[in-house]
Amino acid sequence: MAHCYYHALSSVRKWGGAVEDYLPLHQWFDQSKAILADPRHRALRHHAEGIFMLEAIFGETLVNADGRVVPVRLVGEQHVREDLGSIPSFADWARLITPQAWMLRGNPLDGAEGVTIDMPGRGEAVAPRSVPPAEAVGTVI
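Since the model is a prediction, treat every value here as computed from it, not as a measurement. (Residues numbered from 1 in each chain as written. Predicted model: local features only at pLDDT ≥ 70, side-chain atom pairs only at ≥ 80, totals over all residues. Heavy atoms only, no water.)

### Overview of the overall build of the protein
Turning to step 1, where the next piece is worked out: Summing up its helical and strand segments, the protein has six helices and two strands in all.
Turning to step 2, where the next piece is worked out: Order of helices (α) and strands (β) in the protein, N terminus to C terminus: α-α-α-β-β-α-α-α.
Turning to step 3, where the next piece is worked out: Here the protein holds 141 residues, and the buried ones make up 27% of them.
Turning to step 4, where the next piece is worked out: Put simply, of all contacts in the protein between residues at least 6 apart along the chain, 54% involve residues at least 24 apart. (Helix = DSSP H or I, 4+ residues; strand = E, 2+ residues; numbered from the N terminus. Buried < 20%, exposed > 50% of the residue type's maximum accessible area, 1.4 Å probe, protein only. Contact = heavy atoms within 4.5 Å.)

Structure, rendered in structure tokens:
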């Protein structure tokens, strides 16, 4: 589907109510068109985690104009299925991103040259550390 209004009409056919009950949810999915106006915008929210994000933002349910309680997650699943045919994971999208050199470059923060972080090797236990007194704690940015 090309427009949020048509997704909302589809929701009305499925659960009743009015277009206005569902339009904000469908618009949330497609807000990413503002930064990428082709189907790749869907990589930002059209996946399982995006559906759970929708629920976290809009709540678990909505009450439509007919007084019916509708699970928000089902509305999100409807939107993604109508656009993609199924619900991918974010990993499905990420697998299609070819890493570029600029993505792999790590640069130290200003003044942090020579700073190392001791990380335990695979299977090694993390060594316990004592917590410094509160007056000794500082932040350097």
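On we go from here.
### Quick word on the packing of helix H2 (residues 19-30) against helix H4 (residues 72-84)
Turning to step 1, where the next piece is worked out: It is at 10 Å that the axes of H2 and H4 come closest, and there the two elements cross at 50 degrees. By the angle between their directions, the pair H2 and H4 is classed as oblique. Once H2 is placed against H4, the crossing between them reads as right-handed. Two secondary-structure elements touch here, H2 through Tyr-22, Leu-25, His-26, Phe-29 and Asp-30 and H4 through Val-72, Val-75, Gly-76, Gln-78, His-79, Val-80 and Asp-83. (Axes fitted to C-alpha atoms, helices over the stretch in contact; angles between N-to-C directions. Parallel < 35°, antiparallel > 145°, perpendicular 65-115°, else oblique. Left-handed = near helix turned anticlockwise from the far one by under 90°.)

### Side note on helix H3 (residues 48-58)
Turning to step 1, where the next piece is worked out: By the burial criterion, the buried members of H3 are Gly-50, Ile-51, Leu-54 and Glu-55. The buried residues of H3 all sit within an arc of 145 degrees when viewed along its axis, so they share a single face.
Turning to step 2, where the next piece is worked out: Where H3 is buried, its residues contact H2 and H4.
Turning to step 3, where the next piece is worked out: Among the residues trailing H3, Gly-59 stands out with phi positive, at a value near 95 degrees. (Arc of directions from axis to C-beta.)

### Let's talk about the packing of aromatic side chains
The geometry of an aromatic ring pair is captured by two quantities: the separation of the ring centres and the angle between the planes.
Turning to step 1, where the next piece is worked out: Within this structure, the stated rule accounts for three aromatic pairs.
Turning to step 2, where the next piece is worked out: Ring centres of Trp-15 and Tyr-22 lie 6.2 Å apart, and the angle between their planes is 35 degrees; on these two criteria the pair is classed as tilted.
Turning to step 3, where the next piece is worked out: Positioned above the aromatic ring of Trp-15 is the side chain of Lys-14, whose terminal nitrogen or guanidinium carbon lies 5.7 Å from the ring centre.
Turning to step 4, where the next piece is worked out: Residue placement shows Arg-45 over the ring face of Trp-28; its charged tip is 4.2 Å from the ring centre. (Phe/Tyr/Trp six-rings, centres within 6.5 Å; stacked < 30°, edge-to-face > 60°. Lys NZ or Arg CZ within 6 Å of the ring centre and 35° of its normal.)

### Points about the pattern of salt bridges
Turning to step 1, where the next piece is worked out: Tallying each qualifying case throughout the model produces six salt bridges.
Turning to step 2, where the next piece is worked out: In this structure, the salt-bridge partner of Lys-33 is Asp-30, at a minimum N-O distance of 3.9 Å.
Turning to step 3, where the next piece is worked out: Given the relative accessible area of 7%, Asp-30 is considered buried.
Turning to step 4, where the next piece is worked out: In this structure, the salt-bridge partner of Arg-42 is Asp-83, at a minimum N-O distance of 3.6 Å. Pair noted here: Arg-42 is in the loop between H2 and H3 and Asp-83 is in helix H4, with a separation of 41 residues, a long-range link. An identical accessibility class is assigned to Arg-42 and Asp-83; each is buried. (Salt bridge = Lys/Arg side-chain N within 4 Å of Asp/Glu carboxyl O.)

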